[in-house]
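# Topology and contacts: notes
Here is how the chains run, residue by residue.
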Amino acid sequence: MASLALVLRVAIALSTQGFFQPDEYFQALEPAHHYVFGYGHLTWEWVSPVPLRSIIYPALNMPPFWIIKTLGLDARYPELLIAGPRIVHGLLAAITDIWIREITRQVLNDAFVPTAYFVSLTSLFHSLSLSRSMSNSLETSLTTAALSYYPWNNAQSMTRTRMCIVFAALACAIRPTNAIIWVYMFGLLFLRLGHRPSRGSSLIRDCCVIGTGTILAVFALDSAFYGRPALSLLNFLRVNASPVSLFYGSSPWHYYLSQALPILCSTSLPFVLHGMLLAVKNDEKKPKTMLGCIFWTLTVFSFVGHKEWRFLHPLLPMLHIFASRSLVELYHRSAKSEVKAPREKRKNAIAKTFSLPIRTRDLCLLLLAVPASIYVVFFHCVGQIKVMSYLRSLPPENLTSVGFLTPCHSTPWQAYLHRPELAAPGRMWALGCEPPLGLQHPIDYKDQTDIFFEAPLEYMRTHFPSRVDTSYPPSAFASSVPNVTFVETLQVVEQSSRSWDLGWRHEWPQYIVLFGALLREPGVLDLFQNQGYEEVWKGGFEWEGEGQRRGAVRIWKHIG
């Protein structure tokens, strides 16, 4: 059974063709590539005066990078740099499917295990996100492992409880906000142990020892990586609780209920809700504990302005368990109602469920997630990945410089390209989107991407030369570096002109990467053609994406 999850998750990881979230590349692969190979893009979280990101999660990508580099395969077979980390994250993703069986066995019983396993394997959101190199995905796997060791009954040994604390601590090290789940779960456990003071004291001691050890380990690793003392976990929580997080978008309080939960659960949503209802109606203690954790986490996250679907991913295995509770219940109800039916009719009806305790019509509804999963794995936003494959295929002498006139972080970077000749400053550049660091009143702040897309034609006329230099020199100041100087500059601008154009200067590159939406802006198409550019590649679907990411990905080359 475990082998099925391993094969499926690795297969999905290796087969994924599309783009989902920038963090998959810029908070995991790029820092690892930069560390191993000496070049790669580091976002503001890594280079700001107060670093926000821990090296722990990107470090998982370093072993495959290091092995490929040591064997000298990176130059001949750069595709291995993509496949290596994908295999690692596919294997880690399978932890979720494997350990959901143990949680189901403890919270419900063995009769529900195959159904919960099936729901997990066919989950649309798992297909989209679980096998990707995103911290939320590993957070989900570690949370599931921790819950499988959680003392759902007070008779469990302290050894298993300590394993739960270890996995929970690792999940918090990967994503500090995971602590929200464990405040509830361990707080409830402590209350349950109130009549056993010795067990309660042991729980507190173990949490303190393991938690402190984890924090010190993270501090030591991050300090070694940054070359100075770094409290990345604390900085991450502090900044995410500040107005800076709202720079990346804010959503209404009901976002997680009205959007995130339906998207995460997809076709299993009716069964998730019915399973929750059964837990409350039948006063089932263990499922109600899970339900309390879900609602507690939803409530806390709903108070934070910046919201994303993936932030709830660690709750999805628990939601799948509620779905299995409903599906098995409905199956047995249906079986009882068919007792008086002819024997042959009952036999045929049961055979349609593939030996799972799931009604045929319920199975058909669940399986609607499969074609949707095929789409998100093979066809969704593929242009943003394939554009790097095209650039990587070009010979070095025919790839002098590349400029990305796209919303920031719309494609992977050197971890998918691996072209050291483009690592020099200004050879490969993209529009920046640094947040309003250090500002007192950032409400009207605009980053480079905002300024460019407000008036693309005007930006290119004022920030680019009037003619293309066919030697394609590097751009002197293509984007800002969010260091101390950047923060000081923003503070000066805030106190004076409040003009957020920092005077970026570009050279016309040999290749321009853009979305088709840019070509529909007034005058842009004519400007490119007048400068001697022609479209040489197009990838993805024109109808997908939103805003400035519509119209498929294009590459325009300077022909002269």
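Residues numbered from 1 in each chain as written. Predicted model: local features only at pLDDT ≥ 70, side-chain atom pairs only at ≥ 80, totals over all residues. Heavy atoms only, no water.

Judged by nonpolar contacts, the single largest core of 75 residues is most densely connected at Trp 182, Phe 186 and Leu 312. Broken down by element, the residue count for this core peaks at nine residues, all from helix 17 (residues 316–337). In contact with Trp 182, not counting residues within four places along its chain, are Thr 143, Ala 146, Leu 147, Tyr 150, Cys 164, Ala 168, Cys 172 and Gly 187. Membership of the second largest hydrophobic core comes to 37 residues, among which are Leu 431, Phe 453, Leu 457 and Leu 490. (Core = buried A, V, L, I, M, F, W, Y, C linked by side-chain atoms within 4.5 Å. Buried < 20%, exposed > 50% of the residue type's maximum accessible area, 1.4 Å probe, protein only. Helix = DSSP H or I, 4+ residues; strand = E, 2+ residues; numbered from the N terminus. Contact = heavy atoms within 4.5 Å.)

Here we take up helix 14 (residues 255–265). Residues spaced three or four apart along an α-helix face the same direction, because each turn holds 3.6 residues. Among the residues making up helix 14, those that are buried are Tyr 255, Tyr 256, Ala 260, Leu 261, Leu 264 and Cys 265. Buried residues of helix 14, viewed axially, fall in a sector of 145°; they line one side. Its buried side turned inward, helix 14 meets helix 8 (124–130), helix 15 (269–281), helix 16 (285–302) and helix 17. Where helix 14 terminates, the next one or two residues include Ser 266, which has phi positive at roughly 50°. (Arc of directions from axis to C-beta.)

Moving on: the side chain of Ser 475. Looking at the secondary structure, you find Ser 475 in the loop between helix 24 (456–463) and helix 25 (484–495). Assessed through its relative accessible area of 6%, Ser 475 is described here as buried. Within polar-contact distance, the side chain of Ser 475 engages the backbone nitrogen of Glu 507 at 2.8 Å. (Polar contact = N/O pair within 3.5 Å; in protein donor to acceptor, adjacent residues only side chain to side chain.)

Compared with the 40 Å implied by 1.5 Å per residue over 28 residues, the 41 Å span of helix 6 (residues 80–107) between its first and last C-alpha is a close match. Largest kink in helix 6: about 25°, centred on Trp 99. (Expected span 1.5 Å × (residues − 1). Bend = angle between axes of the 7 residues up to and from the residue.)

The subject of this paragraph is the layout of surface pockets. Its boundaries defined by the atoms lining it, the second largest pocket holds a volume of some 850 Å³. His 41, Leu 42, Trp 413, Met 428 and Ser 479 are the residues nearest the centre of the second largest pocket, which is lined by 40 residues in total. When residues of the lining of the second largest pocket are traced back to their parent elements, those giving at least two are helix 2 (23–37), helix 3 (44–47) and strand 2 (428–430). Broken down by element, the lining of the second largest pocket gets its largest block of residues, three residues, from strand 2. (1 Å grid on protein atoms, 1.4 Å probe; cavity = no way out; pocket = protein on both sides within 12 Å on 5 of 7 lines; lining within 4 Å. Points joined across faces, edges and corners; volume = space filled by probe spheres on them.)

Going through the model one piece at a time under the given rule, you end up with one disulfide. Disulfide pairing is shown between Cys 408 and Cys 433; the S-S distance is 2.0 Å. Residues Cys 408 and Cys 433 are joined through a disulfide that is right-handed, its torsion about the S-S bond being 90°. Highlighted residues: Cys 408 in the loop between strand 1 (402–405) and helix 22 (414–417) and Cys 433 in the loop between strand 2 and helix 23 (448–454), separated in sequence by 25 residues. (Disulfide = S-S within 2.5 Å.)

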